[in-house]
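# Descriptive structure summary
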Amino acid sequence: MAPMSIADLVAALPAEDTWGPATPSDNMLDGVPYAPFSKGDKLGRMADWTGDGKDRDRGGRQAYNRNYRDQQVYGAGTSSLFNIQVAEDESSFSVVDNTRTSTKRTFARGGGTVFRGRGQRGVGQRGGRAGFQRVGAGRGQGGDRYYDNRSARGNRGRRFGWKDYDKPQRTREPSVNVRPDWTMLEEVDFNRLSKLNLEAPEGEDLDSYGFLYYYDRSYDKAPVKNAERKLQAMERAAYNVTTSQDPVIQELAEKNEATVFATSDILSMLMCAPRSLYSWDIVIVHQGNKIYFDKREGASIDLVTVNENAVDAPMESTDSSGKQESLNTPSALALEATFINHNFALQTVVESEESKVTFSHPNPFYNAAEETEPLASKGYKYRRFDLSLQGDEEPLNMIVRTEVDAVMKNPVSGEDQQLIVKALNEFDSKAPGSGGALDWRSKLWSQRGAVVATEMKNNSIKLARWTTQAILAKADAMKLGFVSRANPRSATSHVILGVVGYKPREFAAQMNLNLGNGWGIVRTIVDRIRALDAEEEEDKVKKYVLIKDPNRPVIRLYSVPSNTFEEDDEAAEEQEEKAEEESEE
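Residues numbered from 1 in each chain as written. Predicted model: local features only at pLDDT ≥ 70, side-chain atom pairs only at ≥ 80, totals over all residues. Heavy atoms only, no water.

## What to know about helix α8 (residues 448–458)
Of all 11 residues making up α8, 8 are buried, and the element is well covered by its neighbours. Those residues of α8 not exposed but buried are Ala450, Val451, Val452, Ala453, Thr454, Glu455, Met456 and Asn458. Where the residues of α8 are buried, they touch β13 (416–426), α7 (440–443), α9 (460–472), β14 (477–485), β15 (494–502) and α10 (504–510). (Buried < 20%, exposed > 50% of the residue type's maximum accessible area, 1.4 Å probe, protein only. Helix = DSSP H or I, 4+ residues; strand = E, 2+ residues; numbered from the N terminus. Contact = heavy atoms within 4.5 Å.)

Below is the structure:
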């Protein structure tokens with residue numbers, strides 16, 4: 001057989017057994033497992049076989065370092081797809097770690113101290129951007145509980161915030177029961193009310209009534225230790241007459257001085273409605289082309305609430321025997337606060353007939369022939385505000401009866417300044433419902449800012465109403481008194497711990513109080529009432545009731561019969577007459 005050349009041997013080999021590298025196929029990924037990836041993955045080096053990405057993923061977002069971006073491995077999060085399964089006989093093998101553990105305090109999970117940065121969620125805490133928990137601020141650890149009172153209690157372990165299943169259920173009662181013959185016309189939630197806005201009008205004075213005593217400036221000084229001033233119960237004639245029964249407003253309505261009429265206490269409740277939690281109601285009477293914002297006899301709007309906006313607000317509770325604990329319940333605290341406010345404004349003035357400031361007219365509600373008690377220091381200013389919008393065919397004016405409590409000499413100019421005098425009250429800083437308030441006796445003068453800030457949080461609606469009333473009356477200053485119980489277990493004796501003064505506009509800015517939003521709410525309600533009765537007869541009386549839902553941030557407008565609440569007033573008068581006759585007998 002003749003020898004074959006190399007060319008003949010290569011030609012004789014089959015095509016599939018050709019020596020050399022395999023011919024590449026059309027798809028280079030055939031047979032390779034698919035590794036999922038994200039379009040957001042960053043590419044650093046083309047190939048890095050030394051890292052697996054575990055250190056990157058361990059710390060999450062907080063452990064991300066900008067200098068680490070060049071070490072990120074493409075598809076590192078899916079490296080488990082190519083891991084070799086460990087044999088069963090190696091499952092019992094373990095390595096003993098003999099390295100020393102650090103005893104330093106750490107700041108991560110399991111550490112002894114937790115700091116919550118701005119915009120981060122701290123470990124073991126709930127809350128978002130505005131949360132800040134002071135270290136050691138638990139009750140019983142000696143720290144001052146700042147804005148967040150949901151801290152650890154005692155030494156029972158850290159507990160940062162209520163859990164959903166642990167929140168107490170608060171079911172409040174409405175201020176007035178809806179009757180079957182009432183018709184609901186509209187329901188508006190507070191989110192919609194908060195978006196309303198109307199440029200706040202300045203207002204003009206129409207007339208003034210009453211007189212004012214001078215404020216006793218000795219109350220502005222810090223009290224001497226063990227020499228606190230007691231709050232006295234003073235018998236003075238003071239009036240809180242509703243709008244439609246005010247003789248001055250009736251006279252102004254007959255002269256067509258305005259279209260809408262109200263008092264500052266009623267109007268402030270409506271303007272600050274989005275801050276309220278408790279139920280309240282306002283009666284609206286539309287007679288002809290006049291609208292009156294009224295209130296019922298003995299309405300809840302006259303009471304001064306306590307810690308209404310606190311996280312752990314006071315609750316109506318009963319003890320084991322079913323008997324109501326009436327000392328620190330919302331209703332009992334409201335009566336106590338109303339009593340304190342009335343007497344505090346009377347006690348902090350110097351009653352001198354020679355130095356009092358007299359307004360243009362005497363008190364319109366005082367009858368010297370029938371009254372036996374002397375008049376309280378009170379000035380009534382009837383002011384007109386223009387609520388018209390651009391493009392309105394006719395002006396829309398509103399007359400408001402505003403009130404001031406005292407007068408004070410300006411230390412610089414020597415001019416008289418009109419004051420609004422109100423009082424905050426403390427019942428027990430350690431009792432449920434205190435809202436994390438500091439102890440006023442020890443902290444009022446050393447940490448006054450923290451005390452006032454806590455009151456702004458716990459009593460947002462109350463302070464907002466007072467500030468609104470001061471701005472409506474064009475008062476020059478506000479005096480806020482701090483009154484506490486002499487004994488936390490008794491609501492009959494109180495002491496005055498101090499008085500703080502503010503300018504109404506500056507205080508409104510501190511509270512983030514927007515008067516334009518309040519005027520927008522008033523104008524919206526007025527337009528709604530006028531639209532409902534656009535086709536009614538001029539002399540026909542239409543009555544409405546605006547009610548705040550006791551458990552939801554919603555107000556509802558009801559159409560009610562024109563004689564609603566009149567029968568209740570007559571029955572109340574009959575009971576008073578019977579009580580007077582029995583007392584005389």
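## A closer look at the environment of Ile547
By secondary structure assignment, the location of Ile547 is in strand β16 (residues 541–548). Note on Ile547: relative accessible area 6%, which makes it buried. Taking the C-alpha atoms as reference, Ile547 lies 9.7 Å from Asn177; in sequence the two are 370 residues apart. Beyond its immediate chain neighbours, meaning those up to four positions away, Ile547 contacts Val176, Val178, Trp182, Ser279, Trp280, Asp281, Val554, Ile555, Arg556 and Tyr558.

## Section: the packing of aromatic side chains
Under the defined criterion, the tally for this structure stands at 10 aromatic pairs. Between Trp440 and Phe482 the ring centres are 5.0 Å apart and the planes differ by 85°, which places this aromatic pair in the edge-to-face class. Of this pair, Trp440 sits in helix α7 while Phe482 sits in strand β14, and the two are 42 residues apart along the sequence. With respect to class, Trp440 is no different from Phe482; both count as buried. When the centroid spacing of 4.7 Å and the interplanar angle of 40° are considered together, the rings of Tyr502 and Phe507 count as tilted. Comparing Tyr502 with Phe507 shows no difference in burial state: the two are buried. Put simply, the rings of Trp182, Tyr558 and Phe565 touch in pairs and so form one group of aromatic residues. (Phe/Tyr/Trp six-rings, centres within 6.5 Å; stacked < 30°, edge-to-face > 60°.)

Worth remembering: the numbers are spatial, not functional.
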